[in-house]
Amino acid sequence: AQTVTQSQPEMSVQEAETVTLSCTYDTSESDYYLFWYKQPPSRQMILVIRQEAYKQQNATENRFSVNFQKAAKSFSLKISDSQLGDAAMYFCAYNVQGGSEKLVFGKGTKLTVNP
Amino acid sequence: DTGVSQNPRHKITKRGQNVTFRCDPISEHNRLYWYRQTLGQGPEFLTYFQNEAQLEKSRLLSDRFSAERPKGSFSTLEIQRTEQGDSAMYLCASSSRGTGRTRETQYFGPGTRLLVL
């Protein structure tokens, strides 16, 4: 079965500091994309960052970066200089290229940012 | 580009009633997805459309659920004879085979929160 595991149900970080959210996944496919989505309370899910599995270079988007370890099937998200607006549920997901490309999500990590 | 919209945002119904939700995707997106999210869980895939064709359905989608996407534009998700276990957030997402960062990225709507009493 294709699964995504987020082992940290909750995390907290002080404003301006750095936090890393963990994610592991399991797929037998070779062509897939990985994603981190953010879901603020009562607001819609938005894409934070994505990584193509065939790319060795880790993706970065401003204060957000990933550590993609393909052999270990690990895809962690690092948030630098945390801001109050980063507080949200963070979901790790992947989809296999070809076919429906439906997303398979983890259960999420609730991030709290303390002032 | 106004993003993905969903209506209604909230729905309360009694067990046994039928409900219908609507999703309007981003206008140029030919792919549309429905997901269900229960409390404390990540979204789970329900069904997928490419243009007007429904190409994949999850086994989560029981016979009481039906989805349509006439003319490949908006989509509706209908639940017949609702049960308390249907209470969840129903999310719609759309995507297209674009270029660069937008390629195949799914953009989500705000969801419809269903409560079955």
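Presented here is a report on the structure given in the accompanying data block. It should be emphasised that the depicted structure is a prediction, and the values quoted were computed from it without experimental measurement.

Let us now look at the interface of chain B and chain A. Across the contact, 25 residues belong to chain B and 23 residues belong to chain A. Contact between chain B and chain A buries roughly 1,900 Å² in total, counting both sides, with carbon and sulfur atoms accounting for 43%. Between chain B and chain A we count two salt bridges in total. Two residues, E56 of chain B and K102 of chain A, come together in a salt bridge whose shortest N-O distance is 2.6 Å. Put simply, chain B and chain A have eight residue pairs in polar contact (both at pLDDT 80 or more) between them. Looking at which element gives the most residues to the side of chain B that touches chain A, the answer is strand β4 (residues 31-37) of chain B, with four residues. Partitioning the side of chain B that touches chain A into residue classes produces nine nonpolar, nine polar and seven charged.

Side-chain pairing between opposite charges can occur once the charged atoms of the two side chains come close. Enumeration according to the criterion identifies nine salt bridges over all chains in this entry. For R63 of chain A, the salt bridge identified is with D86 of chain A, shortest N-O distance 2.8 Å. Note that R63 of chain A is positioned in the loop between β7 (60-61) and β8 (64-69) and D86 of chain A in the loop between β9 (74-79) and β10 (88-96), a separation of 23 residues in sequence. Both residues of the pair, R63 of chain A and D86 of chain A, count as buried. With a shortest N-O distance of 2.7 Å, R31 of chain B and E101 of chain A are connected by a salt bridge. Taken as a pair, R31 of chain B in strand β4 and E101 of chain A in the loop between β10 and β11 (104-105) lie in two separate chains rather than in one. For the pair formed by R31 of chain B and E101 of chain A, the shared burial category is buried. Taken together, the shared-partner salt bridges connect R50, E52 and K55 of chain A into one network.

Rules used throughout
Residues numbered from 1 in each chain as written. Chains lettered and ligands numbered in written order. Predicted model: local features only at pLDDT ≥ 70, side-chain atom pairs only at ≥ 80, totals over all residues. Heavy atoms only, no water. Contact = heavy atoms within 4.5 Å. Buried area = accessible area lost by both parts, 1.4 Å probe. Salt bridge = Lys/Arg side-chain N within 4 Å of Asp/Glu carboxyl O. Polar contact = N/O pair within 3.5 Å; in protein donor to acceptor, adjacent residues only side chain to side chain. Helix = DSSP H or I, 4+ residues; strand = E, 2+ residues; numbered from the N terminus. Nonpolar A, V, L, I, M, F, W, Y, C, P; charged D, E, K, R; others polar. Buried < 20%, exposed > 50% of the residue type's maximum accessible area, 1.4 Å probe, protein only.

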